[in-house]
Amino acid sequence: MDFGFDAADDDFRAEARAWLGEQVSGAADRRGWERTLGAAGWIGLGWAEGGYGNRTASLTQQVAWAEEYARSGAPPRSGHIGEKLLAPTLIAHGTPEQKARFLPPVAAGAELWCQGYSEPGAGSDLAGVRTRAETDDGGRTYRVTGQKIWTSLAHEADWCFVLARTDPGSTRHHGLSFLLVPMDQPGRIEVRPIRQLTGTSEFNEVFFDGARAEHVVGGPGGGWRVAMSLLGFERGVSTLAQQIGFAEELGRVVRTAVETGAADDPVVRERLVRLWAELRTMRWNALRTLGGSGGPGAPSVAKLLWAGWHQRLGEAAVGVRGASASAGPSDWTPSTPYALDDAQHLFLFSRADTIYGGSDQIQRTIIAERVLGLPRERKGVV
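Below or above, wherever it landed, is the structure these notes cover. (Residues numbered from 1 in each chain as written. Predicted model: local features only at pLDDT ≥ 70, side-chain atom pairs only at ≥ 80, totals over all residues. Heavy atoms only, no water.)

### Here's the deal with the overall build of the protein
Item 1. Helix and strand content of the protein: 11 helices and 8 strands.
Item 2. Over its C-alpha trace the protein gives a radius of gyration of 22 Å, about what one expects of a compact globule, namely 21 Å for 382 residues.
Item 3. Its C-alpha atoms put the protein at 70 × 50 × 50 Å along the principal axes.
Item 4. Expressed as a percentage of the 382 residues in the protein, the buried residues total 46%.
Item 5. Total accessible area computed for the protein in this model is approximately 18500 Å², and 54% of it derives from carbon and sulfur atoms.
Item 6. When the 41 basic and 45 acidic side-chain charges of the protein are each reduced to a single mean position, those positions are 5 Å apart. (Helix = DSSP H or I, 4+ residues; strand = E, 2+ residues; numbered from the N terminus. Rg over C-alpha atoms; globule rule 2.2 N^0.38 Å. Buried < 20%, exposed > 50% of the residue type's maximum accessible area, 1.4 Å probe, protein only. Areas by Shrake-Rupley, 256 points an atom, 1.4 Å probe, with all protein chains shown as cover. Lys, Arg positive; Asp, Glu negative; His and termini not counted. Charge placed at Lys NZ, Arg CZ, Asp CG, Glu CD.)

### Notes on the environment of Ala 107
Item 1. Residue placement: Ala 107 occurs in helix α5 (residues 96-107).
Item 2. We classify Ala 107 as buried; its relative accessible area is 1%.
Item 3. Sequence separation of Ala 107 and Gly 44 is 63 residues, and the distance between their C-alpha atoms is 6.0 Å.
Item 4. Discounting chain neighbours no more than four positions away, the residues touching Ala 107 are Gly 38, Ile 43, Trp 47, Tyr 52, Gly 53 and Asn 54. (Contact = heavy atoms within 4.5 Å.)

### Structural notes on the packing of helix α1 (residues 7-23) against helix α3 (residues 59-72)
Item 1. Here α1 crosses α3 at 30 degrees, and the two axes come no closer than 9 Å. As judged from the angle between their axes, α1 and α3 are roughly parallel. Here α1 runs over α3; the crossing is right-handed. Contacts from Ala 8, Asp 9, Phe 12, Arg 13, Ala 16, Arg 17, Trp 19 and Leu 20 of α1 reach α3 at Thr 60, Gln 61, Ala 64, Trp 65, Glu 67, Glu 68, Tyr 69, Arg 71 and Ser 72.
Item 2. Its residues assigned to classes, the contact of α1 with α3 comprises 8 nonpolar, 3 polar and 6 charged. (Axes fitted to C-alpha atoms, helices over the stretch in contact; angles between N-to-C directions. Parallel < 35°, antiparallel > 145°, perpendicular 65-115°, else oblique. Left-handed = near helix turned anticlockwise from the far one by under 90°. Nonpolar A, V, L, I, M, F, W, Y, C, P; charged D, E, K, R; others polar.)

### A closer look at helix α2 (residues 30-39)
Item 1. Every buried residue of α2 is accounted for by Gly 32, Trp 33, Glu 34, Leu 37 and Gly 38.
Item 2. Next to the buried residues of α2 lie α1, α3 and α5.
Item 3. Directly beyond the C-terminal end of α2, a positive phi value near 80 degrees is found at Gly 41.

### Examining the pairing of strand β4 (residues 159-165)
Item 1. The buried fraction of β4 amounts to 7 of the 7 residues, a majority that puts the element mostly inside the structure.
Item 2. Neither face of β4 is left uncovered, since the one carrying Trp 159, Phe 161, Leu 163 and Arg 165 and the one carrying Cys 160, Val 162 and Ala 164 both have all their residues buried.
Item 3. Bridge count for strand β1 (residues 113-116) against β4 is 4 bridges, and the pairing is parallel. When the sheet's bridge partners are listed, Gln 115 is paired in β4 with Phe 161.
Item 4. Here β4 runs beside strand β5 (residues 176-182); their pairing, made up of 7 bridges, is antiparallel. The residue bridging Arg 165 from the neighbouring strand is Leu 176, located in β5. (Pairing = 2+ DSSP bridges.)

### Here's the deal with a nonpolar patch on the surface
Item 1. Taken together, Val 371, Leu 372 and Leu 374 make up a surface patch of nonpolar side chains, about 290 Å² in accessible area.
Item 2. In this structure, Leu 372 sits in the segment after α11 (360-371). (Patch = residues over 30% accessible without salt bridge, like charges linked within 9 Å, V, L, I, M, F, W, Y side chains within 5 Å. Salt bridge = Lys/Arg side-chain N within 4 Å of Asp/Glu carboxyl O.)

### Brief notes about the nonpolar core
Item 1. Membership of the largest hydrophobic core comes to 26 residues, with the highest contact counts inside it found for Trp 47, Trp 113, Tyr 117, Phe 161, Phe 178 and Leu 180.
Item 2. If you list the elements that add at least two residues to this core, you get α4 (80-93), α5, β4, β5 and α6 (223-231).
Item 3. Ranked by the residues each element gives to this core, the list is headed by α4, at 6 residues.
Item 4. Not counting residues up to four positions away in its chain, the partners in contact with Trp 113 are Ile 81, Gly 82, Leu 86, Phe 102, Val 106, Ala 157, Trp 159, Cys 160, Phe 161 and Leu 180.
Item 5. Counting 20 residues, the second largest nonpolar core, distinct from the first, contains Val 253, Ala 263, Leu 275 and Trp 306. (Core = buried A, V, L, I, M, F, W, Y, C linked by side-chain atoms within 4.5 Å.)

### Regarding the packing of aromatic side chains
Item 1. Considering all chains together, one arrives at 16 aromatic pairs under this definition.
Item 2. Their ring planes at 35 degrees and their centres at 5.9 Å tell us that Trp 19 and Trp 33 sit as a pair that is tilted. Of the two residues, Trp 19 sits in helix α1 while Trp 33 sits in helix α2, which places them 14 residues apart along the sequence. When sorted by exposure, Trp 19 lands in the same class as Trp 33, which is buried.
Item 3. Plain terms: the ring middles of Trp 19 and Trp 65 are 6.5 Å apart, the flat faces sit at 50 degrees to each other, and that makes the pair tilted. Taken together, the positions of Trp 19 in helix α1 and Trp 65 in helix α3 put the pair 46 residues apart, joining distant regions of the chain.
Item 4. Residue Trp 19 is classed as buried on the basis of its relative accessible area of 14%.
Item 5. The structure contains a cluster of three or more aromatic residues connected by ring pairs, namely Phe 12, Trp 19, Trp 33, Trp 42, Trp 65 and Tyr 69.
Item 6. Directly above the ring of Trp 42 sits Arg 55, whose terminal nitrogen or CZ lies 3.7 Å from the centroid. (Phe/Tyr/Trp six-rings, centres within 6.5 Å; stacked < 30°, edge-to-face > 60°. Lys NZ or Arg CZ within 6 Å of the ring centre and 35° of its normal.)

### Remarks on the packing of helix α9 (residues 298-319) against α11
Item 1. At a minimum axis distance of 9 Å, the contact between α9 and α11 shows a crossing angle of 145 degrees. The interaxial crossing formed by α9 with α11 has left-handed handedness. Contacts from Ser 300, Val 301, Lys 303, Leu 304 and Ala 307 of α9 reach α11 at Asp 360, Gln 363, Arg 364, Ile 366 and Ile 367.
Item 2. Of the residues in the contact of α9 with α11, the class split is 5 nonpolar, 2 polar and 3 charged.

What follows is the structure in structure tokens.
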């Protein structure tokens, strides 16, 4: 596509920059920040429909907002799963009643969501889910039983969209349904945070024991179609904003290399220049494929590119520090056993980049089958 910013985009960018400049310094907790964004209409810019309390913006304006947000130092988003994944899925597959119920609270930053896809023993094999849901109340509701894992921000979420098997005799991608489950069900839903190498716990295990669900998106048995549609919304404009953060991280690594003298080594200089060139290439590739013009394999190609790149950046971040990178920024204590500086956190957290969001192996399989037309990989029956 012919991508470029016009005068209207520049005005939109200036408005976004000014608003963020006024609001970011006073940002409170992450949930409060979501409400601040919602009150100003900044949630839901990319939705195909308006009228839910959200502004609507062109594709280029969405890019401008994402870039300005990344540059502003604003808090990490807690509402992005509802805004970027659930909402477009409801707009595409939900009933008018479902859209009227769930989209305004997402746009207002009032309800937070998590994604119930991955399971132990299935991982990135989404068709291998074993969580089951049985009808109750004469078919008006479902009772969900099973376990999900690596569920981002489940400990903060009000709702979870869950892929569950509603046809007891079904296998693989047949007989699945896309259910909307309220998280406030004591005794029926348990959330257990997973402590990571970094000492933080963004991911969780979620256990469902007869949890109640009243809403089915796409109808009973339509879960696979809805789930695949949702995965198509995972990447796009957000990739460009992500790259703004990558550029800032690379800048810190370069400055450290100069300060420590590591940049005097020609091998280190070549490594840093290669990282810079690869990041620029990723930006141009993201712009080229923006709006879905890159074909069915574009999201998988993008994931492969940035995941490996970010891991190499993490390795460079500690490499230019030398031996000092092995020591934490403060002494060990029982209350702070995982004190890490920015470089150490980048190195450890980026180890997961090639796994979450679809592992590298899964992305290569998608490219092989859907783009190159190679024979499909044989899978066992679950």
